[in-house]
Amino acid sequence: MTLYQPFLDYAIPLLTERLDLAPYPIPAGFEQKEAITGKGKKEQLVVTTSHAFKSSKLRQIRAAHVQGGDALQVLNFVIFPQLNYDLPFFGADLVTLPGGHLIALDMQPLFHDEAYQKQYSEPILPIFNKYQKELPWGGDFPEEAKPFFSPAFLWTRPKETEAVQTHVFEAFKDYLQAYLNLVEQAQPITNSERLSEILQAQRNYINYRAEKDPARGMFTRFYGEEWTEEYIHGFLFDLERQIPSVQQSV
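Residues numbered from 1 in each chain as written. Predicted model: local features only at pLDDT ≥ 70, side-chain atom pairs only at ≥ 80, totals over all residues. Heavy atoms only, no water.

## What to know about the environment of G234
Position of G234 among the secondary structure elements: in helix α7 (residues 225-236). When its relative accessible area of 9% is taken as the criterion, G234 is described as buried. Sequence separation between G234 and F30 is 204 residues; the distance between their C-alpha atoms is 9.6 Å. Look past the residues within four positions of G234 in its chain and what remains in contact with it is P27, E229 and R241. (Helix = DSSP H or I, 4+ residues; strand = E, 2+ residues; numbered from the N terminus. Buried < 20%, exposed > 50% of the residue type's maximum accessible area, 1.4 Å probe, protein only. Contact = heavy atoms within 4.5 Å.)

Structure below.
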């Protein structure tokens, strides 16, 4: 089963078509990793592959794709803007586990003031509303996570795999296209105070995501703690590593 491969097969050509795309370096050992889980008839190969790109306005576009049979399919697809743009993050967490599907799609905001929401969240609300009937609200999520999501946060738990292959896939396409429209229109920020605020907002988001990464337990079980922590901090959420002088410059 490769439930989320079509999402990647759609996204990468689209990004290539619409952006000045270039490769983003993937640290050695993270391009692909394999593990065997279970025993006997329950033995299963788990393969994790990484993809990464960048563009003039986007610091890192990256995906972690985990394939482990019918009961384990994951695609974590995140776009981090360059630090001189106030663009939101694009976030797609698409997870299939033995208990069902967990889907989160959003343009995760740097700020929550009215002007920012009008610029970046309100244009996405019609897309969010379009999918509410087929992809209803997935229920509570942690209070501490709420500042990192927008009013257009699509959080759902579809019961049927077919809903993932149809409605979720269409929502992913619409959100990604809309995000690339925002990227196209984005202008660089030159105000030094605003640049500091952007940097701090990005760091807050990335540090929170790295600390609370729900995949940590799964990766540790498959590949060990050392590989997992390096994957999280050295690739998935690597801002601190990539900009060693960040703290001194703010």
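## Remarks on the confidence of the model for the chain
Caution is warranted with low-pLDDT regions, since their predicted coordinates should not be read in detail. Overall, the prediction assigns the chain a mean pLDDT of 94, with 97% of residues at 70 or greater. A low-confidence stretch, residues 245-250 (pLDDT under 50), is modelled with six contacts involving residues beyond four sequence positions or located in other chains. (pLDDT = per-residue confidence, 0-100.)

## Observations concerning the pairing of strand β3 (residues 44-54)
Sheet topology places strand β1 (residues 22-23) next to β3; two bridges connect them, and they run antiparallel. Following the sheet pairing, A22 is matched in β3 by K54. In this antiparallel pair of consecutive strands, strand β2 (residues 32-37) and β3, the connection spans six residues, and G38 shows a positive phi of 75°. Sheet topology places β3 next to strand β4 (residues 58-67); seven bridges connect them, and they run antiparallel. In the sheet register, V47 faces β4, and the bridge partner there is Q67. Here β3 folds back onto β4 in antiparallel fashion, the turn holding three residues. (Pairing = 2+ DSSP bridges.)

## What to know about the packing of aromatic side chains
The full count for this structure, using the stated rule, is 29 aromatic pairs. Here the aromatic rings of F89 and Y205 are separated by 4.0 Å at their centres, their planes lie at 15°, and the arrangement is stacked. A residue pair is termed long-range when its members are at least 10 positions apart, and F89 in strand β6 (residues 89-97) and Y205 in helix α5 (residues 192-212) qualify at 116 residues. By relative accessible area, which is 0% here, F89 ends up buried. (Phe/Tyr/Trp six-rings, centres within 6.5 Å; stacked < 30°, edge-to-face > 60°.)

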